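Examining the three-dimensional arrangement
Chain residues, written in single-letter form:
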Amino acid sequence: MNGNPIGIFDSGIGGTSIWKEIQTLMPNEDCIYLADSKNAPYGEKPHEEIVKLSIKNTEYLIGKGCKLIVVACNTATTNAIGHLRTQYDIPFIGIEPAIKPAALHSESKKVGILATRGTLSSALFHSTSQNHAAGIEIIERQGKGLVELIEKGDLESDSLKLLLNQFVQPMVAKGIDYLVLGCTHYPYLIPILREILPSNVKIIDSGQAVARQTKAILGKQNLNNTLDAKGTHHFYTNGSLEVLERFVLNAAPKVTAQYLDF
């Protein structure tokens, strides 16, 4: 199975931020990416529906021969990855908000987290916070409306900047020195966040850590692609193909993108 692709899915194009880190770290690996934009955002859906959508995506990727699946969605990870691991004999890599490194390095002992309702309300998120953030004040804000704007390719509008300001300024007022991005869509907001946040507030996301974990699991299970050739990357979306192409076509060689009603 070494030559088989890595499967990646998300509730839209957000997980392409994770894919970019994976293909940068492992440029010889093939990838298949599912952008379930038709059902975005997962963060506003009930737990049972999130699990059902995650099963649908997983079974499609397994049908394509994927050797490992990255659940490139914080909400799907926190709500469904435990179920997926019990049902399918394939490695799964999940995405959790990077609370641990932020808590370890925070000097103000106040850390902000911007995430979806589905992530913030999950049992996995709360256990992570309890295990890794003792003595740290975690200031949570739901990024309601952000995923929808990003799914439209809207990364620079005044309405987006206004919305972000409404979310992060109360955190800044409380003295955070780290802002954790708890949704894979949100790294695309980093340029704007750097404009509106004070210079002492560091932004942290999970992308590089997920790529390193993916590489480690592939190595541990002897699933690395040992060929030297550049990997091929196939993207499928049930939403806007034009928006998906804008995010991925020039991000790596050998990229294709197409519409698929899945």
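A brief structural summary.

Rules and cut-offs
- Residues numbered from 1 in each chain as written.
- Predicted model: local features only at pLDDT ≥ 70, side-chain atom pairs only at ≥ 80, totals over all residues.
- Heavy atoms only, no water.
- Helix = DSSP H or I, 4+ residues; strand = E, 2+ residues; numbered from the N terminus.
- Buried < 20%, exposed > 50% of the residue type's maximum accessible area, 1.4 Å probe, protein only.
- Axes fitted to C-alpha atoms, helices over the stretch in contact; angles between N-to-C directions.
- Parallel < 35°, antiparallel > 145°, perpendicular 65-115°, else oblique.
- Left-handed = near helix turned anticlockwise from the far one by under 90°.
- Contact = heavy atoms within 4.5 Å.
- Nonpolar A, V, L, I, M, F, W, Y, C, P; charged D, E, K, R; others polar.
- Pairing = 2+ DSSP bridges.
- 1 Å grid on protein atoms, 1.4 Å probe; cavity = no way out; pocket = protein on both sides within 12 Å on 5 of 7 lines; lining within 4 Å.
- Points joined across faces, edges and corners; volume = space filled by probe spheres on them.

To continue, consider unusual backbone geometry. A cis amide bond, omega -5°, links A40 with the succeeding residue P41. Relative to the assigned elements, P41 resides in the loop between β2 (31-35) and α2 (47-63). The phi angle at K109 is positive, at roughly 65°, despite the residue not being glycine. By secondary structure assignment, the location of K109 is in the loop between α4 (99-105) and β5 (110-115). The class for K109 is partly exposed, based on a relative accessible area of 42%. Here K254, not a glycine, exhibits a phi torsion of approximately 55°, which is positive.

Let's shift gears to the packing of helix α1 (residues 16-25) against helix α10 (residues 207-220). Relative to each other, α1 and α10 sit at 50°, their axes nearing to 8 Å. Considered as vectors, α1 and α10 are oriented oblique to each other. The handedness of the crossing between α1 and α10 comes out as right-handed. Within the contact between the two elements, α1 uses I18, E21, I22 and L25 and α10 uses G207, Q208, V210, A211, R212, T214 and K215. Classifying every residue of the contact of α1 with α10 by side-chain character gives five nonpolar, three polar and three charged.

Attention now goes to the sheet that holds strand β8 (residues 202-204). In spatial order, the strands read β6-β5-β7-β8; together these four strands make up an open sheet with parallel pairing. This sheet does not close on itself; its edge strands, each paired only once, are β6 (137-142) and β8. Here the strands of the sheet are splayed against their neighbours by 25° on average, with no regard to which way each runs. Relative to strand β7 (residues 178-182), β5 runs parallel, the two being bridged by five bridges. Within β7, the position partnered with V111 by the bridge is Y178.

As a further point, take the layout of surface pockets. Its boundaries defined by the atoms lining it, the largest pocket holds a volume of some 690 Å³. In terms of lining residues, the largest pocket is bounded by 30 residues, among which D205, S206, G207, A209 and V210 are the most central. Breaking the lining of the largest pocket down by element, the ones donating at least two residues are α1, α3 (74-87), β4 (92-93), α4, α6 (123-132) and α10. If one sorts the elements of the lining of the largest pocket by residue count, α10 sits on top with six residues. Per-class residue counts for the lining of the largest pocket are 14 nonpolar, nine polar and seven charged.

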